[in-house]
Amino acid sequence: MKKLVPDLICESVFTIDLKRLKQENIRGLLVDIDNTLVPWGKPEIEEAFVAWVRRVKEEGFKICLVSNAKKERAQNIATLLGIPAVGLALKPLGRSFRRGMNLLGLAAHEVAVIGDQLFTDVLGGNRLGIWTILINPISKNELDSTKFMRRLEAKILQKMVKRGQLKAEHVKIRQGRD
Ligand SMILES: [Mg+2]
């Protein structure tokens, strides 16, 4: 269960405090695609998210996409953003996160994982000792299996509050949309 606790919960990528990340000595971001940067099932990334990636790069962060989506989808979005990508990542397996870190030339303590799912993004990152940021999924339009996982995620997050592993107000950010 400890491996499922995110270090930070944010409404979206837009509300991630980049200064805070710098204080944590984080220099690179391993970012999920579906429902983190692009609504699930949509082919294109919206301009606001392109602008966010641009701002993150201007702030001096290196950034790599790590996605369970097909390689072609991950690569198309990465090319548009001018950043590297690891597609067909099979998160939470560690391999793809390690590849992402290699592409950025950074170690686990220098990167953060950003994603919308506890069992792929947060679990995968935590297992490698990477800082993890859980955000709300952009869209409610998801696979039925993911919807099932959402209910499970909500229960687990509540349990983390009871155990004092997360603050209720932070989990509320997440529950607000589920
Ligand atoms: Mg996702």
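Placed above this text is the structure.
From a predicted model like this one, the values you see are computed outputs, not experimental measurements. (Residues numbered from 1 in each chain as written. Predicted model: local features only at pLDDT ≥ 70, side-chain atom pairs only at ≥ 80, totals over all residues. Heavy atoms only, no water.)

### A look at the environment of Arg-27
Counted only if it meets this: Secondary structure elements follow DSSP: runs of H or I of four or more residues count as helices, runs of E of two or more count as strands, with numbering from the N terminus. Contact between two residues is taken to exist if any of their heavy atoms lie within 4.5 Å; hydrogens are not considered.
Its location among the elements puts Arg-27 in the loop between α1 (18–23) and β2 (28–31). Distance from Arg-27 to Glu-59, taken between C-alpha atoms, is 9.7 Å for residues 32 residues apart in sequence. The residues touching Arg-27, leaving out its near neighbours within four places in the chain, are Gly-60, Phe-61, Lys-62, Leu-106 and Glu-110.

### Some details on the pattern of salt bridges
Counted only if it meets this: Within this document, salt bridges are pairs made up of a side-chain nitrogen of Lys or Arg and a carboxyl oxygen of Asp or Glu, the two lying within 4 Å of each other. Each residue is assigned to one of three classes by its accessible area relative to the maximum for its type, calculated with a 1.4 Å probe on protein chains only: buried under 20%, partly exposed between the two thresholds, exposed over 50%.
Taken as a whole and assessed by the stated rule, the structure comprises 11 salt bridges. Here Asp-32 ties to Lys-91 by a salt bridge, and the two come within 2.9 Å at their closest N and O atoms. Here Asp-32 is found in the loop between β2 and α2 (47–58), whereas its partner Lys-91 is found in the loop between β4 (85–86) and α4 (94–104), with 59 residues between them in sequence. Given the relative accessible area of 7%, Asp-32 is considered buried. The structure contains a network of salt bridges with shared partners spanning Asp-116, Glu-142, Arg-150, Glu-153 and Arg-174.

### Section: a positive patch on the surface
Which entries qualify depends on this criterion: Only residues whose relative accessible area exceeds 30% and that take part in no salt bridge are eligible for patches, with like-charged residues grouped when within 9 Å of each other and nonpolar side chains (Val, Leu, Ile, Met, Phe, Trp, Tyr) grouped when within 5 Å. Accessibility throughout is a Shrake-Rupley quantity obtained with a 1.4 Å probe, and a residue counts as covered only by protein chains that appear here. His is not counted, nor are the chain ends; Lys and Arg add positive charge and Asp and Glu add negative charge. To locate a charge, the coordinates of NZ of Lys, CZ of Arg, CG of Asp or CD of Glu are taken.
On the surface, Lys-147, Arg-151, Lys-155, Lys-159, Lys-162 and Arg-163 cluster together into a patch of positive charge. When you line up the elements, Lys-147 lands in helix α6 (residues 144–162).

### Notes on the sheet that holds strand β6 (residues 131–135)
The condition that has to hold: Strands qualify as paired when DSSP identifies two bridges or more between them. To get an axis, fit a line to the C-alpha atoms, keeping to the stretch in contact for a helix; angles then go from 0 to 180 degrees between the N-to-C directions.
Sheet architecture is open: 6 strands sit in the order β1-β6-β5-β2-β3-β4, paired in parallel fashion. Both outer strands of the open sheet, β1 (8–10) and β4, are each paired with one neighbouring strand and no more. Sheet topology note: the β2/strand β5 (residues 111–115) ladder contains 4 bridges and is parallel. Bridging from a neighbouring strand, Gly-28 pairs with Val-111 of β5. Sitting on the sheet, α2 is in contact with β2, β3 (62–66) and β5, with an inclination near 140 degrees to β3. Contacts between helix α5 (residues 118–127) and the sheet are confined to β5 and β6, with β6 contributing the most and set at about 165 degrees to the helix.

### Quick word on the nonpolar core
Going by this rule: We define a nonpolar core as any set of buried Ala, Val, Leu, Ile, Met, Phe, Trp, Tyr and Cys residues linked to one another through side-chain atoms lying within 4.5 Å.
Counting residues in each nonpolar core, the largest one holds 32 residues, and the members touching the most others are Leu-29, Leu-37, Trp-52, Leu-65 and Ile-133. Counting residues per element, the ones that place at least two in this core are β1, α1, β2, α2, β3, α3 (71–81), β5 and β6. Take this core: its biggest share by element is 5 residues, from α2. With residues near it in sequence (within four places) discarded, Leu-65 still touches Val-31, Ile-33, Leu-37, Ala-74, Ile-77, Ala-78, Leu-81, Ile-83, Pro-84, Ala-85 and Val-86.

### Here's the deal with unusual backbone geometry
Residue Pro-92 follows Lys-91 across a cis peptide bond; omega there is 15 degrees. Within the secondary structure, Pro-92 is located in the loop between β4 and α4. Residues other than glycine seldom take positive phi values, yet Asn-35 does so here, at roughly 70 degrees. Examined against the element boundaries, Asn-35 turns out to sit in the loop between β2 and α2. We note that Leu-90 has phi near 55 degrees; this positive angle belongs to a residue other than glycine. Within the fold, Leu-90 resides in the loop between β4 and α4.

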